[in-house]
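Architecture and fold: a report
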Amino acid sequence: MTSQYAEHPAMFRNNPLGFILAVILIPAAIGILILLFWYLKCKSTRLEINDNEVILEQGLLSKERTELNVSGIRTVKIKQSFFNRLFGVGTVSIFTAGDSPEIQAHGMPKPEVFRELVKARQTSPA
């Protein structure tokens, strides 16, 4: 299984103003706590696409893993604000059946690449 997309959410690019504020608060010691918590939260989430499945893994000590077969994906929705578009990040929502997303990952880098990889795997013969 080769993984062509395996990313963690971005910190600075997802919320640049919050990152700058946390850096400014470092002398008050609260900035270090904010950055540490934020870093651990980002590193404990991973979105990956393999040959025929999409995997979202969340959690630091206890893990939650959601796997979807690419053939069962109906829609990949990407939501980006103006600043998200400038920095190349966005929220990826994956729908299989129904109105609520099976997988939703915030702050993911290169969301267009992810969508194109899903489309390519849906059209290629398995």
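Before any of the text, the structure's been laid out above.
What you see is a predicted model, and the numbers here were worked out from it, not measured in a lab. (Residues numbered from 1 in each chain as written. Predicted model: local features only at pLDDT ≥ 70, side-chain atom pairs only at ≥ 80, totals over all residues. Heavy atoms only, no water.)

So, the sheet that holds strand E1 (residues 5–7)
Read from one edge of the open sheet, 4 strands run E1-E2-E3-E4, paired in antiparallel fashion. Two strands in the sheet have a free side with no partner beyond their single neighbour: E1 and strand E4 (64–69). On average, adjacent strands in this sheet sit at an angle of 10° to one another, irrespective of strand direction. Packed onto the sheet, helix H4 (residues 111–123) meets E1, strand E2 (45–49) and strand E3 (53–58) and runs at close to 35° relative to E2. (Pairing = 2+ DSSP bridges. Helix = DSSP H or I, 4+ residues; strand = E, 2+ residues; numbered from the N terminus. Axes fitted to C-alpha atoms, helices over the stretch in contact; angles between N-to-C directions. Contact = heavy atoms within 4.5 Å.)

Things to note about the pattern of salt bridges
Evaluated as defined, the whole model comprises 4 salt bridges. Between Glu7 and Lys110 there is a salt bridge, with the nearest N and O atoms lying 3.4 Å from each other. Note that Glu7 is positioned in strand E1 and Lys110 in the loop between strand E7 (103–109) and H4, a separation of 103 residues in sequence. With a closest N to O distance of 3.3 Å, Glu57 and Arg65 form a salt bridge. Note on Glu57: relative accessible area 23%, which makes it partly exposed. (Salt bridge = Lys/Arg side-chain N within 4 Å of Asp/Glu carboxyl O. Buried < 20%, exposed > 50% of the residue type's maximum accessible area, 1.4 Å probe, protein only.)

It is worth stressing that arrangement in space is one thing and function is another; only the former is reported here.
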